[in-house]
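One-letter residues, chain by chain:
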Amino acid sequence: MHDYGCYMSLEQLRAAVGQRATIRLHEAGGGFRDIVGVLQSETSLINRRGEIIEFSVADVAIMRVIPVFNRRDASTGELHIYDTLSRKLKPVTSQEGVVAMYCCGPTVYRDAHVGNLRTFLLSDLIARTLQLTGLDVRLIQNITDVGHMSDDFESQDKLLAESARTKVDPFAIAREYESRFHQDLSLLNIEVADQYPRASESMPLIISAIEKLIEKKCAYIGSDGSVYFDATSFPTYGAISGNKLEALKPGHKYEYGGEDGKKFHADWALWKLAGTRTEMIWDSPWGAGFPGWHIECSAMSIDFLDKHVDIHVGGIDLRFPHHENERAQSNSITATEVVDTWVHGEHLLFEGRKMSKSAGNVVLLSDVIARNLDPLALRFSLMENRYRSQMDLSWASLEASHATLKRWRNQVAQWGTSLEIKIDSEITDALTQDLDTPRAMQRLRSVEKDVTIGAQDKRAIFLYADLVLALDLQRAPDNKPLTAQLEEILEMRAQSRAEKNWQKSDELRLELESHGLEINDGPQGQSWSWK
């Protein structure tokens, strides 16, 4: 398996002192941590909150200097993105140059699959594009470690269902999968959020939010003692999804089973009494229990982003009921429209089918890496499609992305060593017009082939695009030496081809490929490179 980190030298860090940079640090547990700010010395950085962060040179995996340029230099300096609520492209708002973003995070009872990761990549692309236009971003992403009902056990929390299956403490499961989630984000170059609040640690916020809803008569204590939101109290319910309240039928799979205490079937639980449940319960004014899933995001987004969210991101599957319910709760608590723009990423299929455990086609990032593919090949493949279009991912497309990524890095290395960037209006326009990443990547393909563009300018354009694409295009190609064993196998294969022993040649090719080599046969004989 490849080591996808590359250690920086003391000289490289020293040369970047005084410049704004993003640094990826190796952590003791095997994961990564990103820090962004101005380098004060070879081992310290000051972030935008004025905090000094110390680090060791030996822990630095990747360092990238962030070029400073005036947003007015770009032909289009404002991100316009599709708003699900208004159903049109809108410019993203900001408050004094800072965009408040909220992205619905994972439910940490299992690994995030590549479809989940597509949503988290979407928030990263939005943040990076906003930064490209000169804005700053404050991103909050929640961790759901309680309150999310299982589709298979509709009366049981997903973490408790997993705990019952594995006989492992539910919070131990949550912390393990939360750690793996952060490692996946790091491998995909998804920048770290400002905060990752956990639902289990936000009970005072959640209880306070429920109390306000009761006080405003938007929620009530049901006949079973649990607390419910009154859907009829919110006149514009359904505006995001297009669902009409009177047309909704009972029994949506995301709602807690056995809710006999509701006044109306479309109401939803804010706080459920524990009943026979003995784990993952908290005290509240209504008795020991646990929160509903939807209220968590309302409470966290309102508190951590000061009652206003410029852009709220999630997968299309969250549009209803989660975001519909969240909007009703948040607006009722604040008496304002809390979210300016709702952005949803479409579904991801894998080789023509929806990913599911029953179909046996759930693909994780670890599966991609196990095939000796660069994890950024997944990022590359996902960006080859518009975020609002349903996408069909395949192993063939991932392998093609891996090959192109490798070629681009080789080209960028051959074009020089300068860290200068060159703003390209076509790339800027593509990204700021509803994140048209396929168009931006097609522009790079055109630049690569254009004989009228000099090598230095080509490199500068690629590095400019990489501020958003984040494919590590300036990473040095893998040039580790061959082992004596691999050299011997290559010689044996060359001899087999000379003797026209094609069966033996093919067998040796497979053996070489299993060791991470890529073999090409041409008029001059066989050549190789690391995958």
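See above for the structure.
Our subject in this report is the structure included herewith. (Residues numbered from 1 in each chain as written. Predicted model: local features only at pLDDT ≥ 70, side-chain atom pairs only at ≥ 80, totals over all residues. Heavy atoms only, no water.)

Pairing of strand S8 (residues 98-103) with strand S9 (residues 136-141), which is carried by 6 bridges, proceeds in the parallel orientation. Residue pairing in the sheet places alanine 100 in a bridge with arginine 138 of S9. With respect to chirality, the unit in which S8 leads through helix H2 (residues 114-132) into the neighbouring parallel S9 is right-handed. (Pairing = 2+ DSSP bridges. Helix = DSSP H or I, 4+ residues; strand = E, 2+ residues; numbered from the N terminus. Right-handed = clockwise from strand over helix to strand, strands pointing away.)

Another aspect to go through is the sheet that holds strand S10 (residues 219-221). Reading across from one edge, S10-S11-S12-S13 is the order of the 4 strands in this open sheet, with antiparallel pairing throughout. Each edge of the open sheet carries a strand with a single partner, namely S10 and strand S13 (289-291). Ignoring strand direction, the axes of neighbouring strands in this sheet form an average angle of 20°. Relative to S13, strand S12 (residues 268-273) runs antiparallel, the two being bridged by 3 bridges. Among the inter-strand pairings, leucine 273 is bridged to a residue of S13, identified as glycine 289. (Axes fitted to C-alpha atoms, helices over the stretch in contact; angles between N-to-C directions.)

Spatial strand order, S17-S16-S18: 3 strands in an open sheet with mixed pairing. Each having just a single partner strand, strand S17 (353-354) and strand S18 (391-393) make up the two edges of the open sheet. Judged from the 2 bridges that link them, strand S16 (residues 348-350) and S17 form a sheet pairing that is antiparallel. Opposite leucine 349, over in S17, you have lysine 354 as the bridge partner.

Moving on, we get to the packing of aromatic side chains. As enumerated under the stated definition, the model contains 10 aromatic pairs in all. Considering the side-chain rings of phenylalanine 120 and phenylalanine 181, the 5.3 Å spacing of their centres and the 80° angle between planes classify their relative orientation as edge-to-face. Note that phenylalanine 120 is positioned in helix H2 and phenylalanine 181 in helix H4 (residues 170-187), a separation of 61 residues in sequence. Residue phenylalanine 181 is classed as buried on the basis of its relative accessible area, which comes to 3%. Seen from their ring centres, tryptophan 271 and tryptophan 286 are 6.2 Å apart, and the 55° between their planes marks the pair as tilted. In this pair, tryptophan 271 sits in strand S12 while tryptophan 286 sits in the loop between S12 and S13, placing the two residues 15 residues apart along the sequence. In this pair, the class of tryptophan 271 matches that of tryptophan 286, namely buried. What links up through ring pairs into an aromatic cluster is the set Phe380, Trp408, Trp415 and Phe462. (Phe/Tyr/Trp six-rings, centres within 6.5 Å; stacked < 30°, edge-to-face > 60°. Buried < 20%, exposed > 50% of the residue type's maximum accessible area, 1.4 Å probe, protein only.)

Here we take up the pattern of salt bridges. According to the stated counting rule, one finds 33 salt bridges in the structure shown. A salt bridge links arginine 128 to glutamate 191; the shortest N-O distance between them is 3.7 Å. Taken together, the positions of arginine 128 in helix H2 and glutamate 191 in the loop between H4 and helix H5 (203-215) put the pair 63 residues apart, joining distant regions of the chain. Glutamate 191 gets classed as buried once you look at its relative accessible area, which sits at 18%. Note that arginine 443 is salt-bridged to aspartate 424, the shortest N-O span being 2.7 Å. On the criterion of sequence distance, the pair formed by arginine 443 in helix H12 (residues 437-449) and aspartate 424 in the loop between helix H10 (395-414) and helix H11 (425-432) is long-range, its members being 19 residues apart. (Salt bridge = Lys/Arg side-chain N within 4 Å of Asp/Glu carboxyl O.)

With that settled, the discussion passes to helix H15 (residues 502-514). For H15, with 13 residues, the first-to-last C-alpha span of 18 Å sits near the 18 Å given by 1.5 Å per residue. Residues of H15 that are buried include every one of Ser505, Leu508 and Leu512, and no others. What you see down the axis of H15 is that its buried residues fit within an arc of 70°, all on one side. The exposed set on the far side of H15, more than 90 degrees from its buried face, consists of Gln503, Leu510 and Ser514. (Expected span 1.5 Å × (residues − 1). Arc of directions from axis to C-beta.)

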